[in-house]
Amino acid sequence: MARADVLVLFGATGDLAKKKLFPALYEMEEAGELEIPVFAVASSKWTQDEFKIRAEASIRERKASLDEVINESALNKLLDKLFLVVGDYQDPQTFIKLREALLEFKLPVIYLAIAPGMFTDVTQGLAKVNLTAIARVVVEKPFGRDLASAIALDEALKKLLPEDQIYRIDHYLGKESVEDLLVFRFANTLFEPVWNRNYISNIQITMSEDFGIDGRGKFYDEVGALRDVVQNHLLQVLTMLTMEPPIDMSSSALQDEKVKVLSAVRKVLPSDVVRGQYVGYLQEEGVSAQSPIETFVAMRLFIDNWRWAGVPIYLRTGKKLAETTMEAVVEFNQPPRQLFATQGQPAPEPNIVRFRLGRQDGVDLSLQAKAPGSQLITNTVDLTVEFAAALGARKEAYERLLDAAILGDHFRFTRIDAVLKSWEILENIVLAPSTLHPYFGATWGPQEAMELVPGGWMDVGTAAEKSS
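Within every chain, residues take consecutive numbers counted from 1 along the sequence as written. Side-chain atom pairs in this predicted model are given and counted only at pLDDT of 80 or more, local residue features only at pLDDT of at least 70, and totals for whole chains, interfaces and linings cover all residues. Computation of side-chain values: all heavy atoms of the structure, hydrogens and water removed.

Caption draft 1: Inspection of the sheet that holds strand S12 (residues 352–356) at higher detail. Pairing between two strands is assigned when DSSP locates at least 2 bridges connecting them. Strands are runs of DSSP state E lasting at least two residues, helices are runs of H or I lasting at least four, and both sets are numbered from the N terminus onward. Spatial strand order, S14-S13-S12-S11-S7-S10-S9-S8-S15: 9 strands in an open sheet with mixed pairing. Each end of this open sheet is capped by a strand with a single partner; those strands are strand S14 (378–386) and strand S15 (436–439). For this sheet, the mean inter-axis angle between neighbouring strands, taken without regard to orientation, is 15°. Pairing geometry for strand S11 (residues 325–332) and S12, over 5 bridges, is antiparallel. Within the sheet, the bridge partner assigned to Glu331 lies in S12 and is Ile352. Together, S12 and strand S13 (362–370) form the strand contacts of helix H7 (residues 176–186), whose direction differs from that of S12 by roughly 145°. In this description, a line fitted to the C-alpha atoms serves as the axis of each element, helices being fitted only across the stretch in contact, and the angle between N-to-C directions of two axes falls anywhere from 0 to 180 degrees. Two residues qualify as a contact provided that any one of their heavy atoms is within 4.5 Å of a heavy atom in the partner residue.

Caption draft 2: The arrangement of the side chain of Glu29 in detail. With respect to the secondary-structure elements, Glu29 resides in helix H1 (residues 15–30). When sequence neighbours within four positions are dropped, the list of residues in contact with Glu29 reads Leu34, Ala74, Lys77, Leu78 and Lys81.

Caption draft 3: Region of the structure containing a nonpolar patch on the surface. A surface patch of nonpolar side chains, about 310 Å² in accessible area, is lined by Leu339, Phe340 and Leu376. Its place among the elements puts Leu339 in the loop between S11 and S12. The rule is simple: take the accessible area with a 1.4 Å probe, protein chains only, and divide by the maximum for that residue type; under 20% is buried, over 50% is exposed, in between is partly exposed. A relative accessible area of 58% places Leu339 in the exposed class. Residues forming no salt bridge and having over 30% relative accessible area are the ones grouped into patches, like charges within 9 Å of each other and nonpolar side chains (Val, Leu, Ile, Met, Phe, Trp, Tyr) within 5 Å. All accessibility values rest on the Shrake-Rupley procedure with a 1.4 Å probe; residue burial counts only the protein chains present in the view. The term salt bridge refers to a pairing of a side-chain nitrogen on Lys or Arg with a carboxyl oxygen on Asp or Glu at a separation within 4 Å.

Caption draft 4: Representation of the sheet that holds strand S4 (residues 108–112). In spatial order, the strands read S3-S2-S1-S4-S5-S6; together these 6 strands make up an open sheet with parallel pairing. Either end of the sheet is taken by a strand with one partner, and the two such strands are strand S3 (82–86) and strand S6 (166–169). For this sheet, the mean angle separating the axes of adjacent strands, direction not counted, is 20°. One ladder, built from 5 bridges, connects strand S2 (residues 38–42) with S3; its direction is parallel. Within the sheet, the bridge partner assigned to Phe39 lies in S3 and is Phe83. Contacts from helix H2 (residues 48–65) reach S2 and S3, with the element oriented near 120° to S3. On top of the sheet, helix H5 (residues 119–128) reaches strand S1 (6–10), S4 and strand S5 (136–140); it is set at about 155° to S4, its chief contact.

Caption draft 5: Examining the packing of H2 against helix H3 (residues 72–81) more closely. The N-to-C vectors of H2 and H3 enclose an angle of 145°; their axes lie 10 Å apart at closest approach. Once H2 is placed against H3, the crossing between them reads as right-handed. Seen from H2, the contacting residues are Lys52, Glu56, Ile59 and Arg60; seen from H3, they are Glu72, Leu75, Leu78, Leu79 and Asp80. The nonpolar class holds Ala, Val, Leu, Ile, Met, Phe, Trp, Tyr, Cys and Pro. Asp, Glu, Lys and Arg form the charged class, and all remaining residues, Gly among them, are polar. A breakdown of the residues in the contact of H2 with H3 according to their chemical character gives 4 nonpolar, no polar and 5 charged. Crossings are sorted by hand: turned counterclockwise from the far helix by less than a right angle, the near helix makes the crossing left-handed, and turned clockwise it makes it right-handed.

Structure (structure tokens):
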């Protein structure tokens, strides 16, 4: 694929651009990987200088939060590459101005970091000035609000763009720790033979945040945890954990296997779901006083195929929970006989593989070893690897995704059939939501969610954290 020669950002004054996109562009520039100019399109009446000041402030804020030093030379080079086009997204003149600004470029990447409701209007504006004929268009999740709207949105975009020019972004697919799931499974013969219903008892996937909606009340109250996290992030992680090996590591082969496993996921019923809303959510700015939107979801689902039939898979996500973490835990069956469980002693804990996909990403293995002393009994020992310490620093997700779009690589993006399958799985609970349960902050959600998993959810965190 040809490399793009210009990047265009719609929504350049928004929260995503401030927190993720401009810091990612800086990191790309510092690494010598951003070789193209960046045009931002926004309705704010900023001057070029005001826009660059805002972009610089977001980069400095990000680096300060990481306690890292700014490379002033790289920052200045990036600022010299930034240009602003001011205009309303529903005004045809905005797109005429953008087309004139891009006359010397042959292959733009146009990133729509805007509300999904604006995708069609903006794409139609791009089409009227013939930019869709040459551009790659990146759209942010969530792609639709349900199955019907996702189909309608796809049909609207397909009238203007072929599939190979559409890049549906889910930033979890840009995380190296998520790709580690594929490497762990398919590059290690130690695990793949037991990665099935004969040896695995259950799988638990958790994405939790210890903070609330951070001033994004209007956006969040239109989306909620189910649409914001489960339909995309959690189901993507699920596919990586449970898919069959692709015939090769091409984008099409990977997407084919994801669609196969999503096609085998049983539709989720309301009885398999616990929805929650943290106490105080209704008082957040921008939130409806009678909002039915969930800030927490836990669910049980099953994959009805040969490998996974009968294995329960549990997903949960929420705001204002006890910790911020993202992890997938695979619990294995107990041995057929408990040879080392003496009378009066509990049976040894089952083997566990814990993938840490957020902070301090890595993997933990919980195994059994002989306890010191004369008795033949066991203790749990944890083998822990932190990937950054073992392998070196890793790129942030948006750096990798921006670079992939510039290169024309679909590997880290989502194909439309996978998106529609995800909505199909959740259709029952999207159209007929289950009861909403209140919960307090700094907890693990409603008590009803604790009861969803026989024996309860496994503790989160690394072995080192739990023992400290």
